[in-house]
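# Descriptive analysis of the structure
What follows is the residue order along each chain.
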Amino acid sequence: MKKRAVITGVHAWVPEYVLDNKELETMVDTNDEWITSRTGIKERRILKGENQGTSVIGTEAVKGLLEKTNTNPEDIDLIICATVTPDMLFPATANIVADNVGAKNSYSFDISAACSGFLYALTIASKFIETGAHKKVIVIGADKMSSIVNYQDRTTCIIFGDGGGAVLLEPTEESLGIMDSLLHTDGSGADFLHMRAGGSRKPATLETVKNREHYVFQEGSMVFKFAVTKMAEVSAQIMKKNHLEAKDVAWLVPHQANKRIIDATANRMGIGPEKVMLNIEKYGNTTAGTLPLCLWDYESRLKKGDNLILAAFGGGFTWGAVYLKWGYDPKP
Ligand code: UT7
């Protein structure tokens, strides 16, 4: 029997501070009606305070996950953190989380695939389990987008928020867990969505700070066009490849970037809104955080054996879909 990697627990964490559309109206020339109708977002969470990086989100999510799944941190073999807002360029945020939670026997690393980061990390992690190399792997998707968002740019600041979550993957010989994944990259998309300075090409200088080059740059409508096409396409492809019809899919778990992109994806898959996980109105776009946040929000409604299609599109460009069978019934 083929060994697969199955999700045996999920937990997430968001900061307390709520930045709603009303408050944004006082910061930039925008309004609740525009934001709601164009994106579906009502509010997002912001991590405030000195020295509070993405590792805070990851640590809280993993602590909760270990507790929920009754897992000893010393039994964790590997922690992968998907993020584009690491605490520092190095070391990896995953290392900081591992240290904070006492995962003494684990090695760890970050991966950078923007909004598709959680799908990339989930796929990588599943391979380590399928080969028998590891027994317990944690995948984190988390971002503190407020650290790279320009709150004077109304085209980006209304979208993003802070938050994230984590899942535990373990081996199973049942027909459950990660069944398939399709991942893509198109590096030419970098022109339309990036952070210009702060890397090796353009290290920080007084000039780069003055020019606001340490913030997300996005050509929104161009990214929208790609996102709407690619996320729908890859979701339909993974269904076809695995002989799934709309009736076989229990849930679409879409990246929460824009409700219009989510609706287009569901339409292409032939799936009704009752099967689409949606929490964009509460958290906005938390980049690598959206998918685990959805799984956490809907955990109590998921049943063992449910077919889930996870799909994302983001900076890079990166995009992809993962088909998985949920591993457990709701716990009391
Ligand atoms: O998660 C990673 C990948 N990212 C995405 O998937 C995001 C994809 N893009 C989007 O979601 C959308 O493009 C946005 C939400 C960013 C923008 O929505 P849009 O419908 O594409 O708007 P637009 O950029 O075409 O702008 C339409 C109008 C413009 O005004 P004019 O030129 O028609 O007069 C903008 O200046 O809306 C204006 N506008 C705003 N008005 C009020 C742009 N932002 C705002 C705003 N409030 N916040």
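In this text the structure is predicted, and so the values were computed from the model without any measurement.

UniProt records the feature "active site" (unreviewed entry) at Cys-115, His-255 and Asn-285, using the numbering of this structure. A maximum C-alpha distance of 8.7 Å is found for the annotated residues, which run over 171 residues; spatially they form one tight group. Topologically, Cys-115 is positioned in the loop between strand S5 (107-111) and helix H5 (117-130). Of the residues examined, Cys-115 reaches a relative accessible area of 7% and is grouped as buried. Apart from the residues within four sequence positions on either side, Cys-115 is in contact with His-255, Asn-285, Thr-287, Ala-288, Ala-312, Phe-313, Gly-314 and Gly-315.

Below, the discussion takes up the site of the ligand. Neighbouring the ligand are 24 residues; Thr-30, Arg-38, Arg-154, Asn-258 and Asn-285 lie closest to it. A distance of 3.4 Å is found between an oxygen atom of the ligand and a side-chain nitrogen or oxygen belonging to Trp-34. Separating an oxygen atom of the ligand from a side-chain N or O atom of Asn-258 is a distance of 2.7 Å. Relative to its unbound accessible area of 950 Å², the ligand is 74% covered by the protein chains.

Annotation of the chain at the domain level lists domain 1 (4-175) and domain 2 (179-325). Its C-alpha centre places domain 1 at a distance of 14 Å from the equivalent point of domain 2. Counting residues at the interface gives 50 residues for domain 1 and 47 residues for domain 2. Summed over both partners, the interface of domain 1 with domain 2 buries about 3,800 Å², with 63% contributed by carbon and sulfur atoms. Between domain 1 and domain 2 we count 2 salt bridges in total. A salt bridge links Lys-68 to Glu-299; the nearest nitrogen and oxygen atoms lie 2.8 Å apart. Inspection of the domain 1/domain 2 interface yields 20 residue pairs in polar contact (both at pLDDT 80 or more). Class assignment for the residues of the side of domain 1 that touches domain 2 results in 24 nonpolar, 16 polar and 10 charged.

Rules used in this analysis
Residues numbered from 1 in each chain as written. Predicted model: local features only at pLDDT ≥ 70, side-chain atom pairs only at ≥ 80, totals over all residues. Heavy atoms only, no water. UniProt positions renumbered as here; feature names shortened; annotations may be inferred. Helix = DSSP H or I, 4+ residues; strand = E, 2+ residues; numbered from the N terminus. Buried < 20%, exposed > 50% of the residue type's maximum accessible area, 1.4 Å probe, protein only. Contact = heavy atoms within 4.5 Å. Near = heavy atom within 4 Å. Polar contact = N/O pair within 3.5 Å; in protein donor to acceptor, adjacent residues only side chain to side chain. Areas by Shrake-Rupley, 256 points an atom, 1.4 Å probe, with all protein chains shown as cover. Domains from an automatic or database assignment. Buried area = accessible area lost by both parts, 1.4 Å probe. Salt bridge = Lys/Arg side-chain N within 4 Å of Asp/Glu carboxyl O. Nonpolar A, V, L, I, M, F, W, Y, C, P; charged D, E, K, R; others polar.

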